[in-house]
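Geometric and topological summary
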Amino acid sequence: MGLFHCPLGAPYYDDDACIDCGLCYAKTSEERVEASRKIREYMKAHAPRTSAVSKVAICGKGGSGKTTVVALLTLALKEAGRRVIVIDADESNPGLGRMLGIIGEPKPLSDLFNEDGLFSERERFYMDDIPPGFVSAVDGVRFMAVGKILDPFQGCACSLAESARQIVEKLELKEGEVLILDMEAGVESFGRGVERHADTILIVVEPSFESIMVAGRIAQMAQGMGIGRVGAILNKVAPDAMASRTTKELEKKDVKVLGILNYSPELAEAAFEGTPVKYGVAVTEAGTIVSALM
Amino acid sequence: MKKPLDPVEVYAKLKARIEENKFPIEPVYFELANKIFPGDKEIMPRIIARMANAEQAKIVAALPDPDLPPSAGRSLEVSDAFARKLGMDRAVITKHIRELFEKGLVFPTKKGPAMARTFLQLHDAALGNPNYDKSLGRIYYDLWGSIEGPMTKPVPGNLPAGYASEVRVVPRWPSIKDVQGVQAFEDARAILKSRSLIAVMRCGCKASHTDRWCGIPDESCITVERTAQYNLDRKTGRKISADEAISIIEKYDKFPTVHLAVNQRDVTQLLCNCHYCCCLAIKVAQKSRFICEVDPKKCKGCKVCVERCQFSATSMKKYEGIEGEKAFSDPDICRGCGSCVITCKSGARSMKLVRPIEHVPESLSIY
């Protein structure tokens, strides 16, 4: 263990980042095990936490209802007086714009970086700097999309994910603004570093074995990236004991449940018809989640 | 790449050079060396003797300064009382300590300036700064190199069961760019792009193997975050942007080197470009989540991959129904560095994701 290999990134013993775990001067395997334990404990307790929730990524297994949850949280955050910016970072699946009541898809963000070379070189920008064609607004909610893979020969979604990453990293939020990202399904999108710049990860979980497994993995990976605030939202919960059983399973995986969205006939109807999500019980439930989060 | 040399021969020459240039050592250097590497009477005292002259050694032996008030914080300053005790001017002491900080022997700890605590702390710090090469001399680097023994190729085969690797192989990013499921922690581009500070510096390991034959430039150690800051503070390395760092590692694609990083997900230390002729860690580096595969129908039999593989995983073999010998990569030996994939002109080699995410530990809590 060289000092340039310190797990906490301290370049030398007794640097500000050094916690005196003892790994660098351990002589026996017992000492190394003890040092390892101290590191784990420290990392768990000191995952960076920003004071305010500002950039929220919504993840989860495919079909768990990420897009619906994004729409509900958007309404709830608006109710709470926040100015919401929604980014659709799911490359393969249309629908979020429609759920929010957006008419006409905005130009894809991947074009923003392609067309205008200067934009990708900017270190920081604000919402006002983004040309109007890339933002669709309805009722004060601003909506952007990375673009969709429509052509089967367009290839890998990496360049789309790259523009999402740049936006999340470089967009400077003003007071009262909240950014919500609708992520791609599953754990694959974690590879592209989009979430690294988010301060909060919300995992949408439906009461199913697969969904719980995926949630556990996402939480583990988010912590590995140093994102401190990770929580689960239970979705499509039928009124029985499923909620408490799912919560228990998630707790075993160290994932905290922030709130529950019960199965709602209204939502199912909206999803079936493809109409915007309206105010209702589900939005009230989402409001509870928002206040737990803030 | 230069012609591979015989590591045993190279090592014998190195030892001979040390013998030829042997110099007597003052007792103070034994005293200092004993704090870092107890028992060694030959190498470590001489290393420290090259780093610190008699006056500087006297200062280091008296550190840490017992009269420094705790309010002083982390710094390279000493107290007036300390200077009086040594009978030296405080400004002179400060100048000496600054030099030893830049060389990597002294560090600004919470108790004021103090000598390196462990052997590896000294190793990592004391080899990276080229600014004192003239006064340190080749003998200094030979002394360091002699500690590691002959730099032989890693023995093909698996690491011992349950072996806790402190470093892991990070694949060359062009080799995995089209693979589905690549994670941020194994994509060198994503790693570099998400760092807040990057500094490229002279690789200390390479500096200590003066006869290395990998051919990669000295400036190939990509440090990040606090490690980068430390090196910039002691005037070594230069600050670069993520894009510059990416173009540097792209330039190094022509060398058969392997990226190594600490065996955890978040890279907060450095990204190495290692070759067995000048790096010991490569022998015990944990495999990446990938292995390479060969399509014998596309392989033209040029053997570049056989030459490039550091781990002896690639060889030539006869495939049934295909004329001539074609490349074969042993999946049990391959550590998934991607070095052979990026230079395969016929596109016969590709990377395949074979291990789960948990293969790379969240933090280096491997014990």
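Residues numbered from 1 in each chain as written. Chains lettered and ligands numbered in written order. Predicted model: local features only at pLDDT ≥ 70, side-chain atom pairs only at ≥ 80, totals over all residues. Heavy atoms only, no water.

Side note on the overall build of chain A
Tallying secondary structure elements over chain A gives 10 helices and eight strands in all. Within chain A, the fraction of its 294 residues that count as buried is 55%. Put simply, 75% of the contacts in chain A that link residues at least 6 apart link residues at least 24 apart. Approximately 13200 Å² of chain A is accessible, and the part contributed by carbon and sulfur atoms is 54%. (Helix = DSSP H or I, 4+ residues; strand = E, 2+ residues; numbered from the N terminus. Buried < 20%, exposed > 50% of the residue type's maximum accessible area, 1.4 Å probe, protein only. Contact = heavy atoms within 4.5 Å. Areas by Shrake-Rupley, 256 points an atom, 1.4 Å probe, with all protein chains shown as cover.)

Section: the confidence of the model for chain A
When pLDDT is averaged across chain A, the result is 80; 83% of the residues are at 70 or more. Here helix 5 (residues 117-121) of chain A stands out as the element of chain A with the lowest mean pLDDT, 64, in contrast to strand 2 (residues 83-88) of chain A, whose mean of 91 is the highest. (pLDDT = per-residue confidence, 0-100.)

Examining the pattern of salt bridges
Residues and elements named next belong to chain B. In the structure shown here, the tally under the stated rule is 36 salt bridges over all chains. As a salt-bridge pair, Arg202 and Asp133 come within 3.3 Å of each other at their nearest N and O atoms. Of this pair, Arg202 sits in strand 4 (residues 198-202) while Asp133 sits in helix 8 (residues 133-147), and the two are 69 residues apart along the sequence. Judged by relative accessible area, which is 10%, Arg202 ranks as buried. Arg138 is the partner of Asp211 in a salt bridge, and the nearest nitrogen-oxygen pair spans 3.1 Å. One end of the pair, Asp211, is in the loop between helix 11 (204-207) and strand 5 (219-224); the other, Arg138, is in helix 8, with 73 residues separating them in the sequence. The class of Asp211 is partly exposed, set by a relative accessible area of 23%. The class of Arg138 is partly exposed, set by a relative accessible area of 40%. (Salt bridge = Lys/Arg side-chain N within 4 Å of Asp/Glu carboxyl O.)

Remarks on the domain arrangement of chain B
Residue and element names in this part refer to chain B. In terms of domain boundaries, chain B breaks down into domain 1 (7-147), domain 2 (167-286) and domain 3 (290-358). Centre-to-centre, using C-alpha coordinates, domain 1 lies 27 Å away from domain 2. Across the domain 1/domain 2 interface, buried area totals approximately 1600 Å², and carbon plus sulfur atoms make up 50% of it. For the pair domain 1 and domain 2, the interface holds four salt bridges. Here domain 1 and domain 2 share 14 residue pairs in polar contact (both at pLDDT 80 or more) between them. Mapped onto the side of domain 1 that touches domain 2, the elements with two or more residues apiece are helix 1 (7-20), helix 6 (90-103), helix 7 (119-126) and helix 8. The element that contributes the greatest number of residues to the side of domain 1 that touches domain 2 is helix 8, accounting for six residues. (Domains from an automatic or database assignment. Buried area = accessible area lost by both parts, 1.4 Å probe. Polar contact = N/O pair within 3.5 Å; in protein donor to acceptor, adjacent residues only side chain to side chain.)

Comments concerning the nonpolar core
The biggest cluster of nonpolar side chains holds 115 residues, and the ones touching the most others in it are Ile93, Leu105, Leu122, Tyr140, Trp144 and Leu260 of chain B. Grouped together as the second largest cluster of nonpolar side chains are 39 residues, Cys59, Met144, Val214 and Ala232 of chain A included. (Core = buried A, V, L, I, M, F, W, Y, C linked by side-chain atoms within 4.5 Å.)

Points about the environment of Glu41 of chain A
On the secondary structure map, Glu41 of chain A appears in helix 1 (residues 29-45). Taking relative accessible area as the criterion, Glu41 of chain A reaches 51% and is therefore assigned exposed.

A look at helix 1 of chain A
All names here are of chain A. With 17 residues, helix 1 should cover 24 Å at 1.5 Å per step; its first-to-last C-alpha distance of 24 Å lies within 8% of that length. Those residues of helix 1 lying buried are Ala35, Ser36 and Ile39. End-on view of helix 1: buried residues confined to an arc of 105°, all on one side of the axis. The outward face of helix 1, more than 90 degrees from its buried face, is lined by the exposed residues Glu30, Glu41, Lys44 and Ala45. (Expected span 1.5 Å × (residues − 1). Arc of directions from axis to C-beta.)

A few points about the environment of Asp211 of chain B
Residue and element names in this part refer to chain B. Taking the C-alpha atoms as reference points, Asp211 and Tyr11, 200 residues apart in sequence, are found 9.1 Å from one another. Excluding anything up to four places from it in sequence, Asp211 contacts Leu5, Val10, Arg17 and Arg138. One polar contact links Asp211 to Arg17, side chain to side chain, over a distance of 3.4 Å.

Regarding the packing of aromatic side chains
Tallied over the full model, the rule gives 11 aromatic pairs over all chains. Between Tyr140 of chain B and Tyr141 of chain B, the ring centres sit 4.9 Å apart and the planes meet at 80°, which makes this aromatic pair edge-to-face. Accessibility expressed as a relative area gives 5% for Tyr141 of chain B, which makes it buried. Linked through ring pairs, Phe4 and Tyr12 of chain A together with Phe101, Phe107 and Tyr230 of chain B together constitute an aromatic cluster. Sitting over the ring of Phe23 of chain B, Arg46 of chain B keeps its end group 5.6 Å from the ring centre. Above the ring of Tyr319 of chain B, the side-chain terminus of Lys317 of chain B is found at 5.0 Å from the ring centroid. (Phe/Tyr/Trp six-rings, centres within 6.5 Å; stacked < 30°, edge-to-face > 60°. Lys NZ or Arg CZ within 6 Å of the ring centre and 35° of its normal.)

A look at the sheet that holds strand 7 (residues 229-237) of chain A
Residue and element names in this part refer to chain A. If you trace the eight strands from one edge of the open sheet to the other, you get 3-4-2-5-1-6-7-8, paired in mixed fashion. The open sheet has two edge strands, strand 3 (136-138) and strand 8 (256-262), and neither has a second partner. In this sheet, neighbouring strand axes are inclined to one another by 25° on average, regardless of whether the strands run parallel or antiparallel. One ladder, built from three bridges, connects strand 3 with strand 4 (residues 141-145); its direction is antiparallel. Note that in strand 4 the partner of Ser136 across the bridge is Phe143. The strands touched by helix 2 (residues 66-79) within the sheet are strand 1 (55-60), strand 2, strand 4, strand 5 (177-182), strand 6 (200-205), strand 7 and strand 8, with strand 5 carrying the most contacts at an inclination of about 170°. (Pairing = 2+ DSSP bridges. Axes fitted to C-alpha atoms, helices over the stretch in contact; angles between N-to-C directions.)

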